[in-house]
Amino acid sequence: DSPLTFNVVILGVGFLFIFTAFTTCGNIEQTVVKTLENATFTGSGYHSLGIIYGVFSFANLIASTVVTVIGAKITMFLSGLLYSGYIAVFIIPTTWAFYLTSVLIGIGAALLWTAQGHFLVENSEVSTINRNTGMFWGLLQCSMLFGNLYIYFAWNGHTEISDGSRRTLFLALLVASVLGTLSFLVLRKVPHEEEMLSDEEGQSLLPTRTIKRLAATACPPCSPGLELSFYSGVYGTCIGATAQFGAAAKGLIGISGIVVGIGEIVGGGFFGLICKNNRFRRTSVVFLGMVVHFVAFYLIFLNIPDDAPVAFETNALTSPYLTPSVSIALLCSFLLGLGDSCFNTQLYSILGHVYAEQCSPAFAIFKFIQSIFAAVAFFYSGYLLLMWQLLLMVVLGFAGTLCFFVVERMQSLSLDLQEY
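The structure presented is a predicted model; accordingly, all values stated were derived computationally and were not measured. (Residues numbered from 1 in each chain as written. Predicted model: local features only at pLDDT ≥ 70, side-chain atom pairs only at ≥ 80, totals over all residues. Heavy atoms only, no water.)

Q: Can you help me understand helix H6 (residues 163-183) in this one?
A: Side chains three or four residues apart in an α-helix point the same way, a direct result of the helix having 3.6 residues per turn. An ideal rise of 1.5 Å per residue puts 30 Å on 21 residues; H6 measures up with 31 Å between its terminal C-alpha atoms. All of the buried residues in H6 are Arg166, Leu169, Phe170, Leu173, Leu174, Ala176, Ser177, Gly180, Thr181 and Ser183. (Helix = DSSP H or I, 4+ residues; strand = E, 2+ residues; numbered from the N terminus. Expected span 1.5 Å × (residues − 1). Buried < 20%, exposed > 50% of the residue type's maximum accessible area, 1.4 Å probe, protein only.)

Q: What am I meant to see in the packing of aromatic side chains here?
A: Between two aromatic rings, the relevant description is the distance of the centres plus the angle of the planes. Enumeration over the complete set of coordinates arrives at 18 aromatic pairs. Between Phe19 and Phe22 the ring centres are 6.0 Å apart and the planes differ by 85°, which places this aromatic pair in the edge-to-face class. Here Phe19 pairs with Phe22, and both are found in helix H1 (residues 2-34), just three residues apart, close to one helical turn. A network of ring pairs unites the aromatic residues Phe15, Phe19, Phe22, Tyr83, Tyr86, Phe90, Phe98, Tyr99, Trp113, Phe136, Phe170 and Phe184 as a single cluster. (Phe/Tyr/Trp six-rings, centres within 6.5 Å; stacked < 30°, edge-to-face > 60°.)

Q: Any chance you could explain the environment of Thr95 here in plain terms?
A: Looking at the element boundaries, Thr95 is found in helix H4 (residues 95-122). For Thr95 and Gly43, which are 52 residues apart along the polypeptide, the C-alpha to C-alpha distance reads 5.6 Å.

Q: Got a minute to help me understand the environment of Val406 in this structure?
A: By the element assignment, Val406 lies in helix H14 (residues 386-418). For the pair Val406 and Thr283, spaced 123 residues apart in sequence, the C-alpha separation works out to 9.9 Å.

Q: Can you help me understand the packing of H1 against H4 in this one?
A: Two numbers describe how H1 lies on H4: the axes approach to 13 Å, and their chain directions differ by 150°. With respect to their mutual orientation, H1 and H4 come out roughly antiparallel. Here H1 and H4 pass one another in a crossing that is left-handed. Residues Asn7, Val8, Leu11, Phe15, Phe19, Phe22, Glu29 and Val33 of H1 pack against Phe98, Ile105, Leu112, Trp113, Gln116, Phe119 and Leu120 of H4. Class assignment for the residues of the contact of H1 with H4 results in 12 nonpolar, two polar and one charged. (Axes fitted to C-alpha atoms, helices over the stretch in contact; angles between N-to-C directions. Parallel < 35°, antiparallel > 145°, perpendicular 65-115°, else oblique. Left-handed = near helix turned anticlockwise from the far one by under 90°. Contact = heavy atoms within 4.5 Å. Nonpolar A, V, L, I, M, F, W, Y, C, P; charged D, E, K, R; others polar.)

Following this line, the structure appears as structure tokens:
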């Protein structure tokens, strides 16, 4: 188990560094783009993120084949280079490079996440899949803490972002991304043992049931896709556009990201590492995630101006139902992170069990669906008022939770049939 654990830890560390750079970039991208002094730059942060997730979704169709041909380790290394190229564009921004690297990182994201899912399952046994998922997810979400803490100290108290501070920030993020990419090179070859996850759990993958499960698992990734775009790009922009927060608004973008990361780590650690692997707890955790997100959405609706996502040139002009409160805004950040970790740890866990022998295609389909909805969300985020965005996430969150229960029930029936 020691080489397998080593690989999982290094995998998490690599993703920690890469997504310290990329998640931080996503949180501040629209804010940075709005304040660029380069008159020749006409890009949109929302459109860039929409392109990334749109390309991401369709690149998933070939990602499984690429991982199979060149291997997960090399795939993750090459993908990391694409991530680093995207970060580098913000040091000396040009419109064509901004959108070109948006396309390239979309391809890299599909390859990276498909390879990650394959590698995580390959390095897990039946008894360790939940532990490894929680360990990886906790390390990954530390990226929010580190990156957004840096944003806070760099921008706190500044109403405008200078070219010098922007270059310094993204140069540091580029270094982090390169370090994460290089860490993939030290991953060890996986030993083949009899009790690897695929031998025990793969027996349930009968063709007809697999098709039914694929249909049932199509809905659960939809809600995390919308919520991914919301907490990683939209919510921080909304906080930064809330005039009632004054000069602290830009610094609060970083603090919000930190608190989201804390919520992700708490959820990933508790539900991934502490909870034992059984179906009762999986459905309970997903239901808890839905409730937590619904509470967060309601508080955001009351606390943040309705036009905050669409205020491009100025701060939000409307007033929310409550006087905007920093403490409520940060509480919502924590709840967004906690709820997201509830969904993701359990989705990763069930995919690792149900599709143990077909992990690469399963994770590719999962990311395909999730990223389609994330792409759509980023494109409409700059045009749709906040209350309609929140309502859409509530509807799909409820539907996704129901579909997760259906998948769990189908898995339970499949295992019961095997016993007879």
